[in-house]
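Results of the structural survey
The primary structure of each chain is shown beneath.
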Amino acid sequence: MKKLILVAFALIFITNLIDAQTYKTRDGYIFFNPNKDQSHKDYAAASKEGTAVLKVETSEVALLVPMKTFHFNNALLEEHFNENYLHTDKIPNATFKGKLIGFTKDQLAKDGVYNISSEGTVTLHGVTKDFKSPVKLEVKNKVATFYCVFKIKAEEYNVIIPDLVKPKLSAETPIEATIKFQLN
Amino acid sequence: MKKLLLYLIVACCFFVKASAQDDLLGDLVKADAAKVKNDYTIATFKSTRIINMQSVEMTGSGNLQFMISHRFGSIWKEGKGWTNVAQLFGLNAGAANTYMSFEYAPKSWLNLGFGATGNAQLESWAKFRLLRQQTGAKNIPVTVNLFSSFHFDGSEGPSPDDFAWNRFSYLNQLLIGRKFSDKLSLQLIPSWIHYNYVPYGINNTNNVFSIGIGGRYKLTNKTALSFEYARQLNGYKNLLDESASAVNYVPDLISLGYDWDTGGHIFQFFFTSSASATNIAQLAQNTNYVRLGNFSLGFNLNRSYGIKKIVNTP
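Let me begin by describing the structure that accompanies this report.

Attention now moves to the overall build of chain B. On a plain count of helices and strands, chain B comes out with four helices and 16 strands. Taken over the C-alpha trace, chain B has a radius of gyration of 27 Å; the compact-globule value for 314 residues is 20 Å, which it surpasses by more than 25%. Summarising its shape, the C-alpha atoms of chain B cover approximately 110 × 40 × 40 Å along the three principal directions. In chain B, buried positions account for 42% of the 314 residues. Taking the intrachain contacts of chain B between residues at least 6 apart in sequence as the baseline, contacts between residues at least 24 apart amount to 59%.

Structural data, given as C-alpha cells:
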C-alpha cells in the first residue's frame, strides 16, 4: 500500500514537472500613438500592466491587457478612449492568443537575439481577428524579452472614429509591445 | 484490489495532466478577473465645473487647463422694453463678466488654480480629492473633494483701502458627487463663505452658508444637459452696505446648461440667474431675482494641455 502511494506521488510529481515549463509575467509594456505625426505626444498612450503566459513545450503564448490601464499624456483623450472609443466599462480587456513560430526551448538557454514570428488571434473591443507578425526575442541575463511591432486598423475592430478626428490619425495604428519574462 | 486502486490513481494523474493543459488565455482571463483591483469611476462630469460651481471632476495629472467663462447681461430687463431687443437679449447689454482661469494638477488628487475677472477680482484655489468613487478592492459610493479658494477684491471703491487683509474672502466647499449610471451624475455642495470684513450692520455676517445640488444627464457621448441649484442659508436679508443703505440679496441660484465636448475643447452653454462670474458673488451676493427675464446667457470654454509627460515613448 505504501509503495502504491509512493508511486502515485511520483506520478503526480512527474506530470507536474512536464507542465512546469510555463512562464508567467506581469511585465508587459504596450505603447501606441495613433497620431499621424508620431512626435505629437498628446496622443501617445501606454499600459504597463500587460500579463502574459508562455508555454515552452508547445510555443503557445497568451497576452492580456486591461484597457483601463492605458494612460495618456492628455487626460481628456484618455477619457475619450475609455468612454467613446473602446467602451472599457463594457469591454475591459484586449487579448492575444497564439503560437510562436521558430521558437525553441534552446533559445531561452543561451543569451542572444532571435528573429521569430507569431501567429494567432487578437481580441480587441469585442472583435476577434487573425494576427501575424514578426517578433524579436532577446535573451539576456535570464530575462527573455519579446518585442513586437504591428499595425491594426481601428475600423476592423468596430472602433468608430469621427470624421473630424480621422485626418489627425494614421490609417493604421502602430502598436509596440514589449513583454519581459524572468527565466528561472 | 490494489491493482484497481493503481489504475484509478494513474487515471487520476492523467486527469490532472489533462486539466492542466487547459487553454492558456482562459487561465489568464480567470487570473485577471480574480485579481483584486480598484475600478475607479471616471468622467463623473464633463468639465471641472457643473455650470457655475465646481464639479468633482479634476484636471488630469500633469495637465494644465485654461478656462474662459463668460456671462452676458440679463435677457430681459423690466421696463426697458425694446431696448432689450436692441441689446440682443443681454448679449450686447454692455454688462458682461469674463472669468479667465488656469488650473494645474501636479498630482492626480490635487488641482491648483488661479483666476481673474473684471474689476480687479482675483482668486486662487486648491481642490483636493479626499475620496474617489470606486468598486473592486474597496467599495466607495461617492467622490468627495474639498474645494478651498480665496478671493481678493483689488478694486477701488468705498470698501476700506486701509487694510489689504479686509479685501479677502474665502470659500470652502465639500463636493460630494456620485455617478449613478453612464448618463446620470449628481452632486451635493455644502459651502461656507467667510468675509474678512463686512460693513457694520445688525444682520451683516462674516460667515455665510449655502447648500447646493447639481447634476448632469448625458444625451450622447459628446453632449449632456446639466443643472444647478444653490440656496443661501443666512446673511441675505436686510443687510447694510458701506454707505449704510439697505441691501437684500437673492438666496436662490438656478442654472440650466448644455455641455458639448468637441474633442479638444469642452463648451458649456447655460442660462443662470446670476450675472456674476465668481463663486462667492454667485452664492452670497446674487442680485437677480429668479424670474424669467432675469437669467443671463453664459458659456464656459476649457481646454487642457498635457504638460507633464506620463507616457514613456519606447
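A separate point is the pairing of strand β8 (residues 143-152) of chain A. Residues and elements named next belong to chain A. Two elements, strand β7 (residues 127-140) and β8, share five bridges in a ladder whose sense is antiparallel. Following the sheet pairing, Leu137 is matched in β8 by Phe146. Counting the residues that bridge the hairpin from β7 to β8 gives two residues, and of these Asn141 lies at a positive phi of roughly 50 degrees. Relative to strand β9 (residues 173-182), β8 runs antiparallel, the two being bridged by 10 bridges. Note on β9: the bridge partner recorded for Cys148 is Ala177.

Looking now at helix α2 (residues 75-85) of chain A. The element α2 of chain A is largely enclosed, with a buried count of 10 among its 11 residues. Taken as a whole, α2 of chain A has its buried residues at Leu76, Leu77, Glu78, Glu79, His80, Phe81, Asn82, Glu83, Asn84 and Tyr85 of chain A. In this fold, the buried residues of α2 of chain A make contact with β1 (22-32) and β4 (71-72) of chain A together with β8 (168-179), β10 (207-218), β14 (252-261) and β15 (265-272) of chain B. The backbone nitrogen of Leu76 of chain A has a side-chain oxygen 2.9 Å away, supplied by the residue at the start of α2 of chain A, namely Asn74 of chain A. One or two steps after α2 of chain A, the chain reaches His87 of chain A, where phi turns positive at roughly 45 degrees.

Before going further, it helps to examine the side chain of Ser273 of chain B. On the secondary structure map, Ser273 of chain B appears in the loop between β15 and α4 (279-284). When neighbours within four sequence positions are excluded, Ser273 of chain B is seen to be in contact with Asp252, Leu253, Ile254, Asn286, Asn288, Val290, Asn294 and Phe295 of chain B.

With that settled, consider a nonpolar patch on the surface. Residue and element names in this part refer to chain B. Together, Leu188, Trp192, Phe209, Ile211, Ile213, Phe227, Tyr229, Leu233 and Leu256 line one region of the surface with nonpolar side chains, adding up to about 770 Å² of accessible area. Looking at the nonpolar patch, the elements that each hand over two or more residues are β9 (184-195), β10 and β11 (223-232). Of all the elements, β10 adds the most residues to the nonpolar patch, at three residues. Residue placement: Leu188 occurs in strand β9.

What follows deals with the pattern of salt bridges. Close approach of charged atoms allows side chains with opposite charge to pair. Applying the stated criterion across every chain, the model contains 12 salt bridges over all chains. In this structure, Lys68 of chain A engages Asp89 of chain A in a salt bridge whose closest nitrogen and oxygen atoms are separated by 3.0 Å. Placement of the pair is Lys68 of chain A in the loop between β3 (60-66) and β4 and Asp89 of chain A in the loop between α2 and β5 (93-101), with a sequence separation of 21 residues. Of the residues examined, Lys68 of chain A reaches a relative accessible area of 26% and is grouped as partly exposed. Across the pair Glu78 of chain B and Arg291 of chain B runs a salt bridge, and its minimum N-O distance is 3.1 Å. With Glu78 of chain B in the loop between β2 (63-74) and α3 (82-86) and Arg291 of chain B in the loop between α4 and β16 (296-306), the pair connects residues that are 213 residues apart, well separated along the chain. For Glu78 of chain B, a relative accessible area of 65% translates into the label exposed. The partly exposed category is assigned to Arg291 of chain B, whose relative accessible area is 44%. Residues joined by salt bridges that share partners form a network here, namely Lys68 and Asp89 of chain A together with Asp39 of chain B.

Turning our attention to the packing of aromatic side chains. Tallying each qualifying case throughout the model produces 19 aromatic pairs over all chains. Relative to Phe81 of chain A, the ring of Phe72 of chain A lies with its centre 5.2 Å away and its plane at 55 degrees, an arrangement referred to as tilted. Its relative accessible area of 6% is what places Phe81 of chain A among the buried residues. Among the aromatic residues, those joined into a cluster by ring pairs are Phe150, Phe152, Trp165, Phe168 and Tyr170 of chain B. Cation over ring: Arg49 of chain B sits above Trp125 of chain B, and NZ or CZ is 5.4 Å from the ring centre. Positioned over the ring face of Tyr40 of chain B is Arg132 of chain B, at 4.0 Å from the centre of the ring.

The next thing to look at is the sheet that holds β14 of chain B. Here 12 strands make up a closed barrel; going around it, the order is β2-β3-β4-β5-β7-β8-β9-β10-β11-β14-β15-β16 (chain B) and the pairing antiparallel. Here the average twist between neighbouring strands, direction ignored, is 20 degrees. Strand direction decides the pairing type here: strand β4 (residues 110-117) of chain B and strand β5 (residues 121-131) of chain B, joined by eight bridges, are antiparallel. Opposite Gly113 of chain B, over in β5 of chain B, you have Trp125 of chain B as the bridge partner. Packing of α2 of chain A onto the sheet brings it into contact with β2, β8, β10, β14 and β15 of chain B, and relative to β14 of chain B it is tilted by some 75 degrees.

All names here are of chain B. By secondary structure assignment, the location of Leu240 is in strand β12 (residues 239-240). Given a relative accessible area of 29%, Leu240 falls into the partly exposed group. Residues Leu240 and Lys138, spaced 102 residues apart in sequence, show a C-alpha to C-alpha distance of 51 Å. Setting aside its immediate chain neighbours within four residues, Leu240 contacts Pro199, Tyr200, Gly201, Asn204, Ser245, Ala246 and Val247.

Let us look at the nonpolar core. Membership of the largest hydrophobic core comes to 48 residues, with the highest contact counts inside it found for Phe103 and Phe146 of chain A. The contact partners of Phe103 of chain A, leaving out residues within four places of it in the chain, are Leu54, Val56, Ser59, Leu108, Ile116, Leu137 and Phe146 of chain A.

Attention now moves to helix α2 (residues 24-34) of chain B. Within α2 of chain B the residues assigned to the buried category are Leu24, Leu25, Leu28 and Asp32 of chain B. The arc that holds the buried residues of α2 of chain B, viewed along the axis, is 95 degrees, so those residues lie on one side. Within α2 of chain B, the exposed residues directed more than 90 degrees away from the buried face are Lys30, Ala33 and Ala34 of chain B. At its buried positions, α2 of chain B is contacted by β2 (45-55), β3 and β5 of chain A.

The rules behind these values
- Residues numbered from 1 in each chain as written.
- Chains lettered and ligands numbered in written order.
- Predicted model: local features only at pLDDT ≥ 70, side-chain atom pairs only at ≥ 80, totals over all residues.
- Heavy atoms only, no water.
- Helix = DSSP H or I, 4+ residues; strand = E, 2+ residues; numbered from the N terminus.
- Rg over C-alpha atoms; globule rule 2.2 N^0.38 Å.
- Buried < 20%, exposed > 50% of the residue type's maximum accessible area, 1.4 Å probe, protein only.
- Contact = heavy atoms within 4.5 Å.
- Pairing = 2+ DSSP bridges.
- Polar contact = N/O pair within 3.5 Å; in protein donor to acceptor, adjacent residues only side chain to side chain.
- Patch = residues over 30% accessible without salt bridge, like charges linked within 9 Å, V, L, I, M, F, W, Y side chains within 5 Å.
- Areas by Shrake-Rupley, 256 points an atom, 1.4 Å probe, with all protein chains shown as cover.
- Salt bridge = Lys/Arg side-chain N within 4 Å of Asp/Glu carboxyl O.
- Phe/Tyr/Trp six-rings, centres within 6.5 Å; stacked < 30°, edge-to-face > 60°.
- Lys NZ or Arg CZ within 6 Å of the ring centre and 35° of its normal.
- Axes fitted to C-alpha atoms, helices over the stretch in contact; angles between N-to-C directions.
- Core = buried A, V, L, I, M, F, W, Y, C linked by side-chain atoms within 4.5 Å.
- Arc of directions from axis to C-beta.

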